[in-house]
Amino acid sequence: MAIHFISDLHLADDTPALNQLFLDTLAAWRGRIDALYILGDLFEYWVGDDDDSPYLDAPLAALREFAAATPLFVMRGNRDFLLGAGFEARSGAKLLEDPTLIEAYGQRILLSHGDALCTDDAAYQQFRAMSRNPQWQQAMLAKPLAERHAIARHARAQSEMNKRQTGLTAISDVTETAVRELLAAHRWPTLIHGHTHRPAHHRHDASSRWVIQDWHEASGGCLLLDDAGIRVLPLGR
Ligand code: MN
């Protein structure tokens, strides 16, 4: 068997092909792998565990069914950082802290979403620090659902506009300094992260770093870990 790692699916109410690929993938893997790790941004946005949007019904039901047969772990990303205990109850998944070190198939593997490593983006790091503050989160979650949805829509539009204007810039990638600090702090494990949408395998001295591919429409990918090591598995068309 094998452990699978995916991230950056960005499921939303207007991504039917993508959502279907996720449902099909869970059905195909259920009971056939050792564990599934979803390393952030499973959802394009998450406005709170009480979100009753109808598009969430199918993926949450599929996650629950999957988790009944196969261990399922989810890390928060920079879009779905408000995932909480209510999500765990609705999905059957166990939330992971960022970063989390695991040992599997004789390897020490450090898992992270990756946004904390993009240290050249000072404005984002400032937002990150603020939005991870429990008081800020409490104030956000106390707003009515409709208002939270409006805030999420606004943030999404803003982010789309920034992407169109600046494209993939250097500040949206991880920095070598942040990666080396994180690897050193954990005695140089193998690092797996997503977030940057730049799938690759990088070397850092004796360690290496795998960047998971993001999903888009009807295609995606995963990293697979088994006795033979880590490799890329494409998904969809
Ligand atoms: Mn991300």
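As the structure is a computational prediction, the values presented were derived from the model and not from experiment.

(A) Expanded view of the pairing of strand β6 (residues 107–112). Of the pairings in the sheet, the one linking strand β5 (residues 100–104) to β6 comprises five bridges and is antiparallel in character. Residue pairing across strands places A104 opposite Q107, the latter belonging to β6. In this structure, the hairpin formed by β5 and β6 is closed by a connection of two residues, where Y105 is found at a positive phi of approximately 50°. Where β6 meets strand β7 (residues 190–193), four bridges bridge the pair, whose relative direction is parallel. Residue L111 lies in a different strand from β7, and its bridge partner there is I192.

(B) Representation of the packing of aromatic side chains within the structure. This structure, assessed with the given rule, holds 10 aromatic pairs. Their ring planes at 45° and their centres at 6.4 Å tell us that Y124 and F127 sit as a pair that is tilted. Placement of the pair is Y124 and F127 together in helix α4 (residues 122–131), with a separation of three residues, close to one helical turn. Among the residues examined, F127 registers a relative accessible area of 31% and is labelled partly exposed. Here the aromatic residues F81, Y124, F127 and W136 are joined through ring pairs into a cluster of three or more.

(C) Looking closely at the nonpolar core. Core analysis: the biggest nonpolar cluster contains 35 residues, and I6, F22, L36, I38, L42, L63 and F87 have the highest contact counts within it. Broken down by secondary-structure element, the contributors of at least two residues to this core are α1 (16–29), β2 (35–39), α2 (57–67) and β3 (72–75). For this core, the element with the most residues is α1, which contributes five residues. Residues in contact with L63, not counting those within four places in the same chain, are F22, L26, I38, L42, L72, F87 and S91. Ranked by size, the runner-up nonpolar core spans 18 residues in total, among them A35, I109, I192 and W210.

(D) Local environment of the UniProt feature "binding site: Mn(2+) 1" (unreviewed entry) in the protein. On the UniProt side, "binding site: Mn(2+) 1" (unreviewed entry) is annotated at positions that read D8, H10, D41 and H197 here. For this annotated set, covering 190 residues, all C-alpha atoms fall within 11.6 Å of each other, a compact arrangement in space. As for the annotated residues named above, the ones lining the largest pocket are D8, H10, D41 and H197. In this structure, H10 is in contact with T15, L18, D41, L42, F43, E44, R79 and H197, ignoring residues within four places of it in sequence. Note that D41 resides in the loop between β2 and α2. When residues no more than four places from it in sequence are discounted, the contact partners of D41 are D8, L9, H10, G77, N78, R79, D80, H113 and H195. Polar side-chain contacts of D41 include one of 3.1 Å to the backbone nitrogen of N78.

(E) Up close: the coordination of the manganese ion. Taken together, D41 (OD), N78 (OD1), H113 (NE2) and H195 (ND1) make up the full set of protein donors to the manganese ion, lying 2.0 to 2.3 Å away. Positions of the donor residues of the manganese ion, expressed as sequence spacing, correspond to D-x36-N-x34-H-x81-H. Here N78 is found in the loop between β3 and α3 (85–91), whereas its partner H113 is found in the loop between β6 and α4, with 35 residues between them in sequence. As far as the burial class goes, N78 and H113 line up, both buried.

About the thresholds
- Residues numbered from 1 in each chain as written.
- Predicted model: local features only at pLDDT ≥ 70, side-chain atom pairs only at ≥ 80, totals over all residues.
- Heavy atoms only, no water.
- Pairing = 2+ DSSP bridges.
- Helix = DSSP H or I, 4+ residues; strand = E, 2+ residues; numbered from the N terminus.
- Phe/Tyr/Trp six-rings, centres within 6.5 Å; stacked < 30°, edge-to-face > 60°.
- Buried < 20%, exposed > 50% of the residue type's maximum accessible area, 1.4 Å probe, protein only.
- Core = buried A, V, L, I, M, F, W, Y, C linked by side-chain atoms within 4.5 Å.
- Contact = heavy atoms within 4.5 Å.
- UniProt positions renumbered as here; feature names shortened; annotations may be inferred.
- 1 Å grid on protein atoms, 1.4 Å probe; cavity = no way out; pocket = protein on both sides within 12 Å on 5 of 7 lines; lining within 4 Å.
- Polar contact = N/O pair within 3.5 Å; in protein donor to acceptor, adjacent residues only side chain to side chain.
- Donors = N, O, S within 2.8 Å, 3.2 Å for Na, K, Ca; no water.

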